[in-house]
Protein chains: 2
Amino acid sequence: MKKTQKECPDTPTCSVDYAFKRIGGKYKGRILWYLHEHMILRYGELGRKVPDITTKMLTQTLRELEKDNLVDRKVYHEVPPKVEYSLTEVGKELIPFISYLKEWGDKQIEKTNP
Amino acid sequence: MKKTQKECPDTPTCSVDYAFKRIGGKYKGRILWYLHEHMILRYGELGRKVPDITTKMLTQTLRELEKDNLVDRKVYHEVPPKVEYSLTEVGKELIPFISYLKEWGDKQIEKTNP
DNA sequence: CTGTATCCAGGATGATACTG
DNA sequence: CAGTATCATCCTGGATACAG
């Protein structure tokens, strides 16, 4: 049942894996959701919205989302610097699904804490 | 920007986090999808469907899904033993979203490998 | 303000052996 | 067949300091 690790085996569920990797991780879901709610957020604003995230993880997560073409990064070359983040078109395609997931989560939480 | 870790801060996105934790992890997405495709699968069948998973991770993942009430476990007390896994009603509610995610993944993969 | 760079701890996962 | 147990390893994410 075991050989070596593969990045993405050619099974029918490969795309499930692919997608999960792109939105998995500790903060990606929330960041995408906040960007959906606010359209545009600056680096510091995002940091304040995600409780207790470190600058390291905030930057790292944003870089990954950017690399996967889910988030746009717009730099204003001013002093002090200003950077705005927003969803790309591809990123926006994920919103219906995150929305669905959020509703499901709400329902489950409600069931658990009556 | 940092105090201490909380399990689930009372923010509007709490439920996004909640949901992601329940379907995150390396194998949960695929296992839920396979159970959706086949309705009922035995332990060994699942193991064969998920490439390279170890018995440890298969058992552990199934136990978590069971605990979160996403998967049903039916034991037949025979020799040799037989255990069947299937989606619960709550688990089935996640299928539309995994389905959406899968289609999105397929599209992205297609774009990347033309 | 918007990050980078290190170093490190802890959790998640892997390898392997064994059992009812 | 369907697991459990143990030990090893990897890798995510946390703490902290510093920079343009």
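Model, not experiment: these values are computed from the prediction.

Caption draft 1: Inspection of the overall build of chain A at higher detail. Looking only at helices and strands, chain A has 6 helices and 3 strands in total. Considering chain A as a whole, with its 114 residues, one finds that 45% of them fall into the buried category. Considering only intrachain contacts with a sequence separation of at least 6, the fraction spanning at least 24 residues in chain A is 47%. Element-wise, carbon and sulfur atoms account for 53% of the exposed surface of chain A, whose accessible area totals about 6,400 Å².

Caption draft 2: Fine view of the pattern of salt bridges. For the coordinates displayed, the defined rule picks out 14 salt bridges over all chains. In this structure, the salt-bridge partner of Asp 68 of chain A is Arg 22 of chain A, at a minimum N-O distance of 3.8 Å. Highlighted residues: Asp 68 of chain A in the loop between α4 (55–67) and β2 (71–76) and Arg 22 of chain A in helix α1 (residues 14–23), separated in sequence by 46 residues. Take Arg 22 of chain A: its relative accessible area is 17%, and that puts it in the buried class. A salt bridge links Lys 92 of chain B to Glu 89 of chain B, with the shortest nitrogen-to-oxygen separation between them at 3.3 Å. On the criterion of helical spacing, the pair formed by Lys 92 of chain B and Glu 89 of chain B is a turn pair, its members being 3 residues apart in helix α5 (residues 89–92). Residue Lys 92 of chain B is classed as partly exposed on the basis of its relative accessible area of 37%.

Caption draft 3: Region of the structure containing the sheet that holds β2 of chain A. All names here are of chain A. Spatial ordering of the open sheet is given by β1-β3-β2, a layout of 3 strands whose pairing is antiparallel. The open sheet is flanked by β1 (40–42) and β2, the only strands paired with a single partner. Looking at each pair of strands side by side, their axes are set apart by 25° on average, direction ignored. Relative to strand β3 (residues 82–87), β1 runs antiparallel, the two being bridged by 3 bridges. Across the sheet, Arg 42 pairs through a bridge with Glu 84, a residue of β3. With respect to the sheet, α4 is in contact with β2 and β3, its orientation differing from that of β2 by roughly 115°.

Caption draft 4: Broad picture of helix α6 (residues 95–112) of chain A. Between its first and last C-alpha atoms α6 of chain A spans 25 Å; for 18 residues at 1.5 Å apiece the expected length is 26 Å, and the two agree. Turning to α6 of chain A, its buried residues number three or more, namely Ile 95, Phe 97, Ile 98, Leu 101, Lys 102, Trp 104, Gly 105 and Gln 108 of chain A.

Caption draft 5: View of the packing of α6 of chain A against helix α1 (residues 14–23) of chain B. For the pair α6 of chain A and α1 of chain B, the least separation of the axes is 7 Å and the interaxial angle reads 90°. With respect to their mutual orientation, α6 of chain A and α1 of chain B come out roughly perpendicular. For the pair α6 of chain A and α1 of chain B, contact is made by Phe 97, Ile 98, Leu 101, Lys 102, Trp 104, Gly 105, Asp 106, Gln 108, Ile 109 and Thr 112 of chain A and by Cys 14, Ser 15, Val 16, Tyr 18, Ala 19, Phe 20, Arg 22 and Ile 23 of chain B, respectively. Grouping the amino acids of the contact of α6 of chain A with α1 of chain B by side-chain chemistry returns 11 nonpolar, 4 polar and 3 charged.

Caption draft 6: Just the pairing of β2 of chain A, in detail. Residue and element names in this part refer to chain A. Across 6 bridges, the pairing between β2 and β3 is antiparallel. If you follow Arg 73 over to β3, its bridge partner there is Tyr 85. The turn joining β2 and β3, which pair antiparallel and follow one another in sequence, is formed by 5 residues.

About the thresholds
- Residues numbered from 1 in each chain as written.
- Chains lettered and ligands numbered in written order.
- Predicted model: local features only at pLDDT ≥ 70, side-chain atom pairs only at ≥ 80, totals over all residues.
- Heavy atoms only, no water.
- Helix = DSSP H or I, 4+ residues; strand = E, 2+ residues; numbered from the N terminus.
- Buried < 20%, exposed > 50% of the residue type's maximum accessible area, 1.4 Å probe, protein only.
- Contact = heavy atoms within 4.5 Å.
- Areas by Shrake-Rupley, 256 points an atom, 1.4 Å probe, with all protein chains shown as cover.
- Salt bridge = Lys/Arg side-chain N within 4 Å of Asp/Glu carboxyl O.
- Pairing = 2+ DSSP bridges.
- Axes fitted to C-alpha atoms, helices over the stretch in contact; angles between N-to-C directions.
- Expected span 1.5 Å × (residues − 1).
- Parallel < 35°, antiparallel > 145°, perpendicular 65-115°, else oblique.
- Nonpolar A, V, L, I, M, F, W, Y, C, P; charged D, E, K, R; others polar.

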